[in-house]
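Structural overview
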Amino acid sequence: MLTPTKLLRLYRQAMAEPIKTGIDESVSVLYSTDWVKIMVVRNPESPESCFIEVEISLPPCTIDPSTCTEALHNGTARKFIKDTISHLGYLLRLEEGGFVIGILSAEGIWSASLTAQENPDVKLFEVLIPPS
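Small disclaimer: the values here were computed from a predicted structure and weren't measured.

Of all hydrophobic cores here, the largest spans 27 residues; its most connected members are Tyr 11, Ile 38, Ile 52, Val 54, Phe 99 and Leu 128. Every element with two or more residues in this core is listed here: helix H1 (4-16), strand S2 (36-42), strand S3 (50-57), helix H2 (70-96), strand S5 (109-116) and helix H3 (122-128). Discounting chain neighbours no more than four positions away, the residues touching Leu 128 are Leu 7, Ile 38, Ile 52, Val 54, Tyr 90, Leu 94 and Phe 99.

Okay, here's the thing in structure tokens:
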């Protein structure tokens, strides 16, 4: 289970890693599921600061009413819709926590980004915990 303390530890590990030479930016994935990817993006020119990026996207899913019973279909579709709403609520919670939100509709990605201070508080990582 992902906790704010564990996420903070992963963040600190990512920030401690040296940035490879010759690249435009360094991306470290802190956490990833079918729904959410939490990353730290660093620039070699200012390695002490970073962006915390969150991407939310719909996982692959096909719920065809013609291939399953109505009860199974409705339960599966309902759960998928509830999970989608939960993750969009998470995105709004990130915005309330200071993140800037964005939408890449062609790619089907919702995003949130925050420029992190040198030593972020664990409270930031409490906001970052995605729905389960």
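Read on for the rest.
We now examine the packing of aromatic side chains. Taken as a whole and judged by the stated rule, the model has two aromatic pairs. Considering the side-chain rings of Tyr 11 and Phe 125, the 5.3 Å spacing of their centres and the 55 degrees angle between planes classify their relative orientation as tilted. Of this pair, Tyr 11 sits in helix H1 while Phe 125 is found in helix H3, placing the two residues 114 residues apart along the sequence. The same class applies to Tyr 11 and to Phe 125, which are both buried.

Next up on the list: the side chain of Ser 28. As for its position among the elements, Ser 28 is in strand S1 (residues 26-32). Excluding anything up to four places from it in sequence, Ser 28 contacts Ala 14, Glu 17, Ile 38, Met 39 and Val 40.

A sheet is described by the order of its strands in space; here five strands give the open sequence S1-S2-S3-S5-S4, paired in antiparallel fashion. Single-partner strands in this sheet number two, and they are S1 and strand S4 (100-104). Ignoring strand direction, the axes of neighbouring strands in this sheet form an average angle of 25 degrees.

Thresholds, definitions, all that
- Residues numbered from 1 in each chain as written.
- Predicted model: local features only at pLDDT ≥ 70, side-chain atom pairs only at ≥ 80, totals over all residues.
- Heavy atoms only, no water.
- Core = buried A, V, L, I, M, F, W, Y, C linked by side-chain atoms within 4.5 Å.
- Buried < 20%, exposed > 50% of the residue type's maximum accessible area, 1.4 Å probe, protein only.
- Helix = DSSP H or I, 4+ residues; strand = E, 2+ residues; numbered from the N terminus.
- Contact = heavy atoms within 4.5 Å.
- Phe/Tyr/Trp six-rings, centres within 6.5 Å; stacked < 30°, edge-to-face > 60°.
- Pairing = 2+ DSSP bridges.
- Axes fitted to C-alpha atoms, helices over the stretch in contact; angles between N-to-C directions.

Shape is all these values report; function is a separate question.
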